[in-house]
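Examining the three-dimensional arrangement
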Amino acid sequence: MATYYKVQSAPAPAGGRSRWNALYSTMKQGDWFIVPKSDASRARASAYNYLPKGTYRTYTVADGLCIQVTKEV
């Protein structure tokens with residue numbers, strides 16, 4: 001039988017989805033940010049999920065990926 005432990009000394013870990021959704025929901029037209037190459041595919045996929053089509057652009061830069069909001073969401 002499996003043993004389960006209740007951890008009370010630390011807050012529950014935040015989900016990965018909430019980080020990207022919270023970031024994209026606060027962005028306005030003209031806002032942009034650069035993501036390192038290691039997180040570029042995750043950022044691009046989450047932009048596809050959380051931002052409507054035609055409201056953002058992605059650019060490949062030397063340091064990684066630049067995501068810019070081009071229209072008001």
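Rules of the game
Residues numbered from 1 in each chain as written. Predicted model: local features only at pLDDT ≥ 70, side-chain atom pairs only at ≥ 80, totals over all residues. Heavy atoms only, no water. Buried < 20%, exposed > 50% of the residue type's maximum accessible area, 1.4 Å probe, protein only. Helix = DSSP H or I, 4+ residues; strand = E, 2+ residues; numbered from the N terminus. Arc of directions from axis to C-beta. Phe/Tyr/Trp six-rings, centres within 6.5 Å; stacked < 30°, edge-to-face > 60°. pLDDT = per-residue confidence, 0-100. Salt bridge = Lys/Arg side-chain N within 4 Å of Asp/Glu carboxyl O.

Now for helix H2 (residues 40–50). If you check which residues of H2 are buried, you get Ala 40, Ala 43, Ser 46 and Ala 47. Buried residues of H2, seen end-on, are gathered within an arc of 135° and therefore sit on one face of the element. Pointing more than 90 degrees away from the buried face of H2 are the exposed residues Ser 41, Arg 42, Tyr 48 and Asn 49.

The subject of this paragraph is the environment of Ile 67. In this fold, Ile 67 is placed in strand S3 (residues 64–69). Residue classification places Ile 67 among the buried positions, given a relative accessible area of 0%.

This part covers the packing of aromatic side chains. What describes a pair of aromatic rings is the distance from one ring centre to the other and the angle between the planes of the rings. Enumeration according to the criterion identifies two aromatic pairs in this entry. Taking the centre distance of 6.1 Å and the plane angle of 25° together, the rings of Trp 20 and Tyr 24 count as stacked. Taken together, the residues span about one helical turn, with Trp 20 and Tyr 24 both in helix H1 (residues 16–25) at a distance of four residues. Exposure remark for Trp 20: the relative accessible area of 11% places this residue in the buried category. Between Tyr 24 and Phe 33, the aromatic rings sit 6.1 Å apart at their centres with planes inclined by 45°, giving tilted as the arrangement. By relative accessible area, which is 17% here, Phe 33 ends up buried.

To continue, consider the confidence of the model for the protein. Per-residue pLDDT for the protein averages 86, and the proportion of residues at 70 or more is 90%. For the protein, per-element mean pLDDT is lowest for H1, which scores 79, and highest for strand S2 (residues 56–61), which scores 94.

A few words on the pattern of salt bridges. Where charged atoms from two side chains of opposite charge come close, those side chains can pair. Inspection of every chain in the model, using the stated rule, returns one salt bridge. Across the pair Arg 42 and Asp 39 runs a salt bridge, and its minimum N-O distance is 3.6 Å. The exposed category is assigned to Arg 42, whose relative accessible area is 55%.

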